[in-house]
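Structure at a glance
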Amino acid sequence: MDAALIDPSSPGCATSPRATGAGAPDPSAPRVLVAGGGIGALATALALGRRGHEVLVLDPRPALTESGAGVLLAPRDFHLLDRLGVGDAVRDRSLTLDAFRVRDGATGELVTSVTLPASRRGAAPPHATAHRLDVYEPLLDACWELDSVQLATDSRVIGYTQRGGTVRAALADGRTVTGHALILADRARSGADRDADRAHGTPEGRLAVYHSVVPMDSVDDRWQDSAATCWVGPDWHLSHYPLPDHRYLSLTATRLRHTGAPLRGARVGLDEVLDAFPGIGYAARNVFTLGRHWRARTLPVRQTAAGSVHGRIAMVGDPAHEARRPETGSCLHRTLDDAVALGGSWDVSGGGVLRWLADYDARRGERVRQSHEEHGPGHPRGRWAEDRVLADRFPFLSTGCAG
């Protein structure tokens with residue numbers, strides 16, 4: 001089967017249950033395929049669908065849903081969600097944080113504690129936590145409202161080719177679909193990372209990210225308040241925070257220099273997790289042991305800011321960039337920022353896929369370079385207790401709207 005867009009009546013292609021005629025596609029705008037299916041894919045589809053692009057989201061999963069550990073949302077993330085039109089819906093489902101704390105991972109010493117400003121409706125956006133589903137569902141609802149967006153489940157992209165003015169995506173079930181551009185997001189990025197390895201050589205390194213969600217009734221009282229806590233060691237960090245309704249505690253741990261076998265979202269035991277973090281202190285180890293059910297994945301690390309676009313194929317998000325910073329290890333900022341930026345680049349490009357994506361690539365590269373210059377690529381080595389300007393290294397604490 002080869003079609004410009006999958007027939008809405010075909011198996012696995014979901015059409016809006018409440019189509020309103022709003023957001024009809026513009027025949028002059030390029031048709032865009034978005035591979036991935038998670039938060040990044042829906043944010044991208046929403047940003048482009050509202051500009052008249054005919055968008056097909058190719059979700060590899062059998063159902064339109066989201067799972068996994070929680071996420072941290074800073075004011076700058078709510079600004080981006082507002083631009084996508086879903087900020088209020090996510091605020092209503094999130095848990096506002098009142099403090100952010102950093103502890104030395106070896107000694108357990110409290111390095112700093114920052115009181116976060118209270119937030120009220122109509123005031124500055126909050127610092128908050130949410131389940132991934134709390135962000136995904138408002139984006140999904142907004143996509144349903146657009147006739148320009150189609151969502152196809154059971155549609156895993158396994159390859160793609162560019163020919164002339166089109167991109168053809170090959171699906172795991174033998175189908176192919178064709179559009180004028182292909183955006184790789186979320187789960188579709190793994191193939192793109194392998195392509196980048198071939199194009200740019202072996203990445204500078206790999207990091208490993210471990211996630212667990214813990215029922216709050218098994219958590220010590222001192223970790224049950226509305227605060228995010230980050231434990232930092234020389235080559236690792238661990239963050240934890242409560243999720244909405246205070247029923248669960250989200251744990252995210254990152255090992256910056258992973259040397260073992262690749263991890264691809266599989267379940268791992270607690271002993272394997274602890275082995276990956278030698279030298280952790282007694283207090284941090286006690287927090288690790290709260291997690292009984294862990295999942296882990298490895299991500300490539302590259303210092304270069306370029307390479308997010310290859311012809312008619314573009315990538316959104318950078319999980320490794322977020323994961324290697326202590327305060328953004330479970331953050332969506334780069335993903336949301338890229339999705340909004342894709343729409344903005346279309347507005348200024350004057351039309352034409354190649355001009356559009358070249359503008360996006362250039363602007364994205366500049367944003368990444370600025371981020372590295374302002375905050376560094378990750379946390380510095382050494383004892384954090386000796387860093388007297390620690391709070392300045394945490395863009396998560398910023399109340400402004402990032403680039």
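Our subject is the structure listed above.
A quick note: this is a predicted structure, and the numbers were derived from the prediction, not measured.

Before going further, it helps to spend a moment on the overall build of the protein. What the protein contains, in helices and strands, is 10 helices and 22 strands. Counting all 403 residues of the protein, 56% fall into the buried class. Accessible surface, the protein: about 16,800 Å² in total, of which carbon and sulfur atoms supply 48%.

A separate point is unusual backbone geometry. Its identity is not glycine, yet D154 carries a phi of approximately 50 degrees, on the positive side. A relative accessible area of 44% places D154 in the partly exposed class. The backbone of H246 shows a phi angle near 55 degrees, a positive value even though the residue is not glycine. Judged by its relative accessible area of 29%, H246 falls in the partly exposed class.

Right, let's talk about the packing of helix α2 (residues 75-83) against helix α9 (residues 333-349) for a bit. In the contact formed by α2 and α9, the axes pass within 10 Å of each other and the chain directions differ by 35 degrees. Seen along the crossing, α2 lies across α9 with a hand that is left-handed. Here α2 contributes R76, D77, L80, L81 and R83 to the contact with α9, which in turn contributes H333, L336, D337 and V340. Residues of the contact of α2 with α9, tallied by class, amount to 4 nonpolar, 1 polar and 4 charged.

This paragraph deals with the packing of helix α1 (residues 39-49) against α9. Contact geometry for α1 and α9: axes closest at 8 Å, N-to-C directions at 20 degrees. Relative to α9, α1 is oriented roughly parallel. The two elements α1 and α9 cross, and the hand of that crossing is right-handed. Contact residues: α1 offers I39, G40, A43, T44, A47 and L48, while α9 offers T335, L336, A339, L342 and G343. Of the residues in the contact of α1 with α9, the class split is 7 nonpolar, 4 polar and no charged.

As a further point, take the sheet that holds strand β6 (residues 95-96). Pairing is antiparallel across the open sheet formed by 3 strands, whose spatial order is β5-β9-β6. Two strands lie at the open edges of the sheet, namely β5 (71-73) and β6, each paired on one side alone. Looking at chain direction, β5 and strand β9 (residues 128-130) are connected through 3 bridges and run antiparallel. When the sheet's bridge partners are listed, L72 is paired in β9 with T129.

The next thing to look at is the pattern of salt bridges. When the charged atoms of two side chains with opposite charge come close together, those side chains can pair. Counted according to the given criterion, the structure contains 16 salt bridges. Residues R367 and D338 are paired through a salt bridge, measuring 3.1 Å at the closest nitrogen-oxygen approach. Here R367, found in helix α10 (residues 353-375), pairs with D338, found in helix α9; they are 29 residues apart in sequence, far enough to count as distant. You'll find R367 and D338 in the same group, each marked buried.

With respect to the element layout, W223 can be found in the loop between β15 (205-215) and β16 (227-232). The class of W223 is buried, set by a relative accessible area of 7%. Spatially, the C-alpha atoms of W223 and H240 are 8.4 Å apart, while their sequence positions differ by 17 residues. With near-sequence residues (within four places) excluded, W223 lies in contact with R103, T229, W231, H240, L249 and V287.

Cut-off values and rules
Residues numbered from 1 in each chain as written. Predicted model: local features only at pLDDT ≥ 70, side-chain atom pairs only at ≥ 80, totals over all residues. Heavy atoms only, no water. Helix = DSSP H or I, 4+ residues; strand = E, 2+ residues; numbered from the N terminus. Buried < 20%, exposed > 50% of the residue type's maximum accessible area, 1.4 Å probe, protein only. Areas by Shrake-Rupley, 256 points an atom, 1.4 Å probe, with all protein chains shown as cover. Axes fitted to C-alpha atoms, helices over the stretch in contact; angles between N-to-C directions. Left-handed = near helix turned anticlockwise from the far one by under 90°. Contact = heavy atoms within 4.5 Å. Nonpolar A, V, L, I, M, F, W, Y, C, P; charged D, E, K, R; others polar. Parallel < 35°, antiparallel > 145°, perpendicular 65-115°, else oblique. Pairing = 2+ DSSP bridges. Salt bridge = Lys/Arg side-chain N within 4 Å of Asp/Glu carboxyl O.

Purely geometric stuff here, so don't read any function into it on its own.
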